[in-house]
Amino acid sequence: MTEILVLIDHVGGAVRKPSFELLTIARRLGEPSAVFIGDADQAATAAEAVKAYGADKVYAIDDTEIKGYLVAPKAEALQQIAAATDPAAILLPSSAENKEIAGRLAIKLGSGLITDAIDLQAGPVATQSVFAGTYTVKAKVTRGTPIITVKPNSAVPEEAAGAGVLTPFAVTVSDAARSARIVASEPRQASGRPELTEAAIVVSGGRGTGGDFTPVENLADALGAAVGASRAAVDSGWMPHTFQVGQTGKTVSPQLYVAGGISGAIQHRAGMQTSKTVVAVNKDEEAPIFELVDFGVVGDLHTVLPALTAEINQRMGLSVG
């Protein structure tokens, strides 16, 4: 079978869910091989995790010469692995950093690039959502090695035994790739909730919250969901920009998206329209959000969301405050 390279996203060696999704997708195309870039001491832990999702090989790149710089060294590392393995495709989880890596890699390999795919089938043929989610299109790379970034939640991770053979891979990083160094970074604040762009469930609030996101956050915690916000809520200073879902914010594709007090302007729809199931709560029965929902409730979110949260907690045997 043909080899498919999958760049693994991880935190301290702990592999993140989008990587398991990509390995599942890669099995549709050929034989998946994982690429781990990180601390050499963490490679074995990552290899153990990804082999449960079908990775037969795990190319481990020690990031001693890579970390501390922007994306260029990672693009060079992937270029060197691609040159050594001649893969049928290279897949990366869609993120701001990975799309930058993919773009640089495509130039280095003289290959075509597809970003933000929401599905991938044999060919490989990618499905993308375009024009603010109004249309879906099929796309295929016609030159070189297909390089494709895939949005989180585009597939349900399915386990499949792989050999998981750990193969250290030495790379040489050019001086040019080390011209942009990271001099400071702000650590992510732990919230106990999943990352917004990776969450299987997202609960978002908009102008209708009136600045009180308590019902939104309580429902999110009951569901184990991430919290999002509309542009109106962010512009009003009620939530940080990192929570914004929309054309000028983050794009999400969860299994379930709950919109509380969000009108559904095209800017917001562009960031969540590929959600598998959409539920909206809004006092205005003419709100545009109701045009795309699977389930809609005309009502005050400050009444509806707490009632829903109480019902969920009760069914889960939790105390309701």
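These figures come from a predicted structure and were not determined experimentally. As a convention, each chain's residues are numbered from 1 in the sequence order in which they are written. At least 70 in pLDDT is required for a residue's local features to be given in this predicted model, at least 80 for side-chain atom pairs to be given and counted, and no such filter applies to totals for whole chains, interfaces and linings, which use all residues. Values reported for side chains reflect all heavy atoms of the structure, with hydrogen atoms and water molecules removed beforehand.

Colleague: Would you take a moment to explain the overall build of the chain for this structure?
Modeller: We count a stretch as a helix when DSSP gives it H or I for four or more residues in a row; a strand needs E for two or more, and each element gets its number in order from the N terminus. Across its full length, the chain carries 8 helices and 16 strands. Restricting the calculation to C-alpha atoms gives the radius of gyration, and the globule rule supplies 2.2 Å times the number of residues raised to the power 0.38. In summary, the chain has a C-alpha radius of gyration of 21 Å against a globular reference of 20 Å for 321 residues, a match within 12%. Taking the principal axes of its C-alpha atoms as reference, the chain extends roughly 60 × 40 × 40 Å. Residue contacts follow a heavy-atom distance rule, with two residues in contact if any of their heavy atoms lie within 4.5 Å. Summarising the internal contacts of the chain: among those between residues at least 6 apart in sequence, 65% fall at separations of at least 24. When the accessible area of the chain is evaluated, it comes to approximately 15000 Å², of which 51% is carbon and sulfur surface. In this tally, Asp and Glu contribute negative charge and Lys and Arg positive charge; neither His nor the terminal groups of the chain are included. Where a charge sits is defined by one atom per residue type, namely NZ (Lys), CZ (Arg), CG (Asp) or CD (Glu). Across the chain, the 26 positively charged side chains and the 34 negatively charged ones have centroids separated by 4 Å. Areas reported here follow the Shrake-Rupley algorithm with a probe of radius 1.4 Å; residue values treat only the protein chains shown as occluding.

Colleague: Which parts of the structure should I look at to understand the packing of helix 3 (residues 72-85) against helix 4 (residues 96-109)?
Modeller: Two quantities define a packed helix pair, namely the angle between the helix axes and the distance between the axes. Every axis corresponds to a line fitted to the C-alpha atoms, with the helix fit spanning only the stretch in contact, and the corresponding angles, defined between N-to-C directions, vary from 0 to 180 degrees. Between helix 3 and helix 4, whose axes approach to 9 Å, the crossing angle comes to 50 degrees. If you check the angle between helix 3 and helix 4, you find them oblique. Relative to helix 4, the crossing made by helix 3 is right-handed. For the pair helix 3 and helix 4, the contacting residues are Ala 72, Lys 74, Ala 75, Glu 76, Leu 78, Gln 79 and Ala 82 in the first and Glu 97, Ile 101, Arg 104, Leu 105, Lys 108 and Leu 109 in the second. Each residue gets one of three labels, nonpolar for Ala, Val, Leu, Ile, Met, Phe, Trp, Tyr, Cys and Pro, charged for Asp, Glu, Lys and Arg, and polar for the others, Gly among them. The residue inventory of the contact of helix 3 with helix 4, partitioned by class, reads 7 nonpolar, 1 polar and 5 charged. For this classification, under 35 degrees means roughly parallel, over 145 means roughly antiparallel, 65 to 115 means roughly perpendicular, and everything else is oblique. The sense of a crossing depends on the near helix, which, turned anticlockwise from the far helix by less than a right angle, makes the crossing left-handed and, turned clockwise, makes it right-handed.

Colleague: How should empty space enclosed by the protein be read in this particular structure?
Modeller: In this approach the atoms are scanned with a rolling probe the size of a water molecule, which exposes any empty space left behind. Residues are said to line a cavity or pocket when one of their atoms sits within 4 Å of a point; the points come from a 1 Å grid over protein atoms alone, cavities being sets where a 1.4 Å probe fits but cannot get out and pockets being open sets with protein on both sides within 12 Å along at least five of seven lines. Grid points are joined across faces, edges and corners, and a volume is the space filled by probe spheres set on the points. According to the stated counting rule, one finds 1 cavity of 30 Å³ or more in the structure shown. Pro 18, Glu 21, Leu 22, Ile 25, Pro 93, Val 150, Lys 151, Pro 152 and Ser 154 together form the lining of the largest cavity. A total of 4 residues in the lining of the largest cavity trace back to one element, the largest contributor, which is helix 1 (residues 17-29).

Colleague: How do you make sense of the pattern of salt bridges when you look at a structure like this?
Modeller: A side chain of one charge can pair with a side chain of the opposite charge if their charged atoms are brought near each other. Put simply, a salt bridge is a Lys or Arg side-chain nitrogen that is within 4 Å of an Asp or Glu carboxyl oxygen. As enumerated under the stated definition, the model contains 14 salt bridges in all. The shortest N-O distance in the salt bridge between Lys 99 and Asp 116 comes to 3.1 Å. Placement of Lys 99 in helix 4 and of Asp 116 in strand 7 (residues 113-121) is noted, with a sequence separation of 17 residues between them. We call a residue buried when its accessible area falls under 20% of the maximum for its residue type, exposed when it is over 50%, and partly exposed in between, using a 1.4 Å probe and counting protein chains only. With a relative accessible area of 30%, Lys 99 lands in the partly exposed category. The salt bridge partner of Glu 195 is Lys 250, with a shortest N-O separation of 3.6 Å. With Glu 195 in the loop between strand 11 (165-168) and strand 12 (201-205) and Lys 250 in the loop between helix 6 (231-235) and strand 14 (256-260), the pair connects residues that are 55 residues apart, well separated along the chain.

Colleague: So what exactly am I meant to see when it comes to the environment of Ser 263 here?
Modeller: Along the chain, Ser 263 falls in the loop between strand 14 and helix 7 (266-272). Its relative accessible area of 41% is what places Ser 263 among the partly exposed residues. Setting aside chain neighbours within four positions, we find Ser 263 in contact with Asn 282, Ala 287, Pro 288 and Ile 289.

Colleague: Sorry, what's going on with the sheet that holds strand 8 (residues 125-130) here?
Modeller: Sheets are built from strands paired through backbone hydrogen bonds, the pairs being either parallel or antiparallel. When DSSP finds two or more bridges between two strands, those strands count as paired. Taken in spatial order, the 9 strands make up an open sheet running 9-8-7-10-6-1-4-5-11, and their pairing is mixed. Each edge of the open sheet is held by one strand with a lone partner, namely strand 9 (135-139) and strand 11. Going across the sheet, the axis of each strand differs from the next one's by a mean of 35 degrees, ignoring polarity. Here 4 bridges tie strand 5 (residues 57-62) to strand 11, and the two strands are oriented parallel to one another. Bridge pairing in strand 11 links Ala 60 to Pro 168. On top of the sheet, helix 1 reaches strand 1 (3-7), strand 4 (31-38), strand 6 (89-93), strand 7 and strand 10 (147-150); it is set at about 155 degrees to strand 6, its chief contact.

Colleague: Teacher, can you tell me more about the sheet that holds strand 14 here?
Modeller: Strand order in the open sheet formed by 5 strands is 13-12-14-15-16, and the pairing between neighbours is parallel. Two strands close off the open sheet at either side, each with one partner strand: strand 13 (226-229) and strand 16 (295-298). Averaged over all pairs of adjacent strands, the angle between their axes in this sheet comes to 15 degrees, without regard to strand direction. Alignment of strand 15 (residues 277-282) against strand 16, held across 4 bridges, turns out to be parallel. Within the sheet, the bridge partner assigned to Ala 280 lies in strand 16 and is Gly 296. Sitting on the sheet, helix 5 (residues 214-223) is in contact with strand 12, strand 13 and strand 14, with an inclination near 175 degrees to strand 12.

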